[in-house]
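# Inside the fold
One-letter residues, chain by chain:
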Amino acid sequence: MKRTSTWVASLALPVMVAMLLVLAGSPSVTANDQPSAAAAEVKIDNFSFGPQTLTVAVGATVTWTNRDDIPHTVVSTDGVFKSKVRDTDEKFSYTFDKAGTYPYFCSIHPKMTGTVVVQ
Amino acid sequence: MADKNQGLIDQKWHELNDDGVDRRGFLKCMAWAGTGLVWTMSGGIPVSRAFAKNTGKSDGKDGDFSFVQISDSHMGFSKPANPDVGATLQAAVDKINGLAQPPEFLLHTGDISHLTKPEQFDTVDQILKGASAKDVFFVPGEHDVLDDNGKSYLERYGKNVQGAGWYSFDKRGVHFIGLVNVLNLKSGGLGSLGAEQLEWMEKDVKHLKHSTPIVVFAHIPLWTVYPEWGWGTEDSAQALAYLKKFGSVTVLNGHIHQTMQKVEGNVTFHTAMSTAFPQPQPGKADSPGPMKVPAEQLRSLLGITDVNYVRGQHSLAAVDSSLE
Ligand SMILES: [Cu+2]
């Protein structure tokens, strides 16, 4: 999937340098309680996101997979990202380039909620 | 904790099943698929009666008439819960065409398509052309407004509607109101009507006589069936407040793929079966997703709702018939 990254261009150079350092350093992190660096997955099963709260490192790409036989969506509550409708086994990916807490939900079944924490 | 939750669910279910008059004077009952047991309100007294198969023909003048509600055809769905939703919609049309009193028109309470695709709407329109009743009034389900916020739905079904697709019309002295509660859903929330639609509705009913029978139809239930699964509409209380002055209000919904009925004061709430696949009773499964049943049982859990209006009684009676 394409990701929105236009905001990166507007960041001041020192911030970008700092981010690159974080990205460069993250693969060496091995402790269990540390967020994973490059990629992470969320499964959609039985009208719920699992894990409901996912913690990743800055720069990680998160991929959602719909394993229900009903379509769902993955929509940021704050308008940061928005998938097209995802039918059975379809995926949506988004790369988190900025630290923060990203609540999201399924816009078809709004009782389905989840959070990605990026640190 | 699981036991406690189950206890609460059982209690809710019991309340829904309780067909006696409780302390607040509300009648709550279930309408069972295929039994033809009907509750009506007559002079404030609940009357149940079994509908005879042949009620005689309407002469078309005295105001008695019927219409049929169908719902959740989910055209395009092809998972194990029903690999052929076209065949079951066709069976629903056959059922309609076999009714002793032909309905004047049809209501479709949404989830016409499974994925908002033009060919899915085309197929439903084509199959419904075979129904004896030629007029079909639609409201959208959440599956009809995917990705485009209802644009393609409106292009097809929105000729005489307001806003996102709401409208009203009159038939034989009964005022019908079609509402849209599947757009702009908020995280963690339920179905939503929104301020603009509520404002329109208030004006729409303002000048009607109190004796005018009202039928409201929308996709998601306008009463809180089971909020844990999103089976309710967050601002439905406001809509119902505008209808307090009327003697007879019937609210018809889909979305939950099973029949359920509740009578509260002047308002009868009723949900229809799907023509595509059944869903579990509230809280009786891990999720509200399609319920796979043995193939030979499927058609006993799908069906139509035949609504009869008897003039003079100012009441409407809903009869649920399964496809088999
Ligand atoms: Cu969903």
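### Side note on the overall build of chain A
- A tally of helices and strands in chain A yields two helices and eight strands.
- Order of helices (α) and strands (β) in chain A, N terminus to C terminus: α-α-β-β-β-β-β-β-β-β.
- By residue count, 42% of the 119 residues in chain A fall in the buried class.
- Within chain A, counting contacts between residues at least 6 apart in sequence, those at least 24 apart form 51% of the total.
- Carbon and sulfur atoms provide 57% of the accessible area of chain A, an area that totals close to 6200 Å².

### Describing the nonpolar core
- Core analysis: the biggest nonpolar cluster contains 91 residues, and Trp64 of chain A together with Leu179 of chain B have the highest contact counts within it.
- If one sorts the elements of this core by residue count, helix H2 (residues 85–97) of chain B sits on top with six residues.
- With near-sequence residues (within four places) excluded, Trp64 of chain A lies in contact with Val42, Phe49, Val74, Phe81, Glu90, Lys91, Phe92, Tyr94, Phe96, Tyr104 and Val116 of chain A.
- Among the nonpolar cores identified, the runner-up in size contains 17 residues, and Phe67, Val215, Leu252 and Val307 of chain B belong to it.

### Considering the interface of chain A and chain B
- Each side of the interface is counted separately: chain A has 17 residues, and chain B has 24 residues.
- The junction of chain A with chain B conceals about 1700 Å² of combined surface from both sides, 63% of it contributed by carbon and sulfur atoms.
- At the junction of chain A and chain B, the tally comes to one salt bridge.
- Among the ionic pairs, Lys79 of chain B bridges to Asp87 of chain A, the shortest N-O distance being 3.9 Å.
- At the boundary of chain A with chain B, the tally comes to four residue pairs in polar contact (both at pLDDT 80 or more).

### A word on the pattern of salt bridges
Residue and element names in this part refer to chain B.
- As enumerated under the stated definition, the model contains nine salt bridges over all chains in all.
- With a closest N to O distance of 3.0 Å, Asp125 and Arg156 form a salt bridge. Residue Asp125 is located in helix H3 (residues 118–128), and its partner Arg156 is located in helix H4 (residues 151–157); the two are separated by 31 residues in the primary sequence.
- Given a relative accessible area of 26%, Arg156 falls into the partly exposed group.
- Linked through salt bridges whose partners overlap, the residues forming this network are Asp122, Asp125 and Arg156.

### As for the coordination of the copper ion
Residue and element names in this part refer to chain A.
- Protein ligation of the copper ion involves His72 (ND1), Cys106 (SG) and His109 (ND1), the donor distances falling in the range 1.9 to 2.2 Å.
- Here the donor residues for the copper ion map to a single chain with the spacing H-x33-C-x2-H. Placement of His72 in the loop between strand S4 (61–66) and strand S5 (75–76) and of Cys106 in the loop between strand S7 (100–105) and strand S8 (113–118) is noted, with a sequence separation of 34 residues between them.
- Residue classification places Cys106 among the buried residues on the basis of a relative accessible area of 0%.

### Side note on the confidence of the model for chain B
All names here are of chain B.
- Taken residue by residue, chain B gives an average pLDDT of 84. The fraction at 70 or more is 79%.
- Taken together, the stretch residues 1–62 has pLDDT below 50 and engages in 106 contacts with residues farther than four places along the chain or on a different chain.
- With a pTM of 0.80, the predicted complex shows an ipTM of 0.80.

### A closer look at the sheet that holds S7 of chain A
Residues and elements named next belong to chain A.
- Strand order in the open sheet made by the four strands is S3-S8-S7-S5, with mixed pairing throughout. Every interior strand has two partners, whereas the edge strands, strand S3 (53–56) and S5, have only one.
- Inspection of the sheet shows S5 paired to S7 by two bridges, in the antiparallel sense. By the bridge assignment for S7, Val75 is matched with Phe105.

Reading the values: the criteria
- Each residue is numbered by its place in its chain's sequence as written, counting from 1.
- Labels are handed out in written order, letters beginning with A for the chains and numbers beginning with 1 for the ligands.
- For this predicted model, a pLDDT threshold of at least 70 governs which residues receive local features, and a threshold of 80 or more governs which side-chain atom pairs are given and counted, while totals over whole chains, interfaces and linings are taken from all residues.
- To obtain the side-chain values, all non-hydrogen atoms of the structure were used and water was disregarded.
- Runs of E in the DSSP output that reach at least two residues are strands. Runs of H or I that reach at least four are helices, and both are numbered from the N terminus.
- Note on exposure labels: buried denotes an accessible area under 20% of the residue type's maximum, exposed denotes more than 50%, and partly exposed covers the range between, all computed with a 1.4 Å probe on protein chains only.
- A contact between two residues is defined here by any heavy atoms of the two lying within 4.5 Å.
- Each accessible area is a Shrake-Rupley result for a 1.4 Å probe, and residues are judged covered by the shown protein chains and nothing else.
- The term nonpolar core refers to a set of buried residues drawn from Ala, Val, Leu, Ile, Met, Phe, Trp, Tyr and Cys, joined through side-chain atoms within 4.5 Å.
- Buried surface area refers to the total accessible area, computed with a probe of radius 1.4 Å, that the two partners give up upon joining, counted for both partners together.
- The salt bridge criterion pairs a side-chain nitrogen of Lys or Arg with a carboxyl oxygen of Asp or Glu, the two atoms within 4 Å.
- Any pair of N or O atoms that falls within 3.5 Å is considered a polar contact. Within protein, one atom must be able to donate a hydrogen and the other to accept it, and sequence-neighbouring residues count only if both atoms are side-chain atoms.
- Metal donors were taken as nitrogen, oxygen and sulfur atoms no farther than 2.8 Å from the ion, or 3.2 Å where the ion is Na, K or Ca. Water is excluded, so coordination may look unfinished.
- The quantity called pLDDT is the predictor's confidence in a given residue, expressed from 0 to 100.
- One bridge is not enough; two strands pair if DSSP finds at least two bridges between them.

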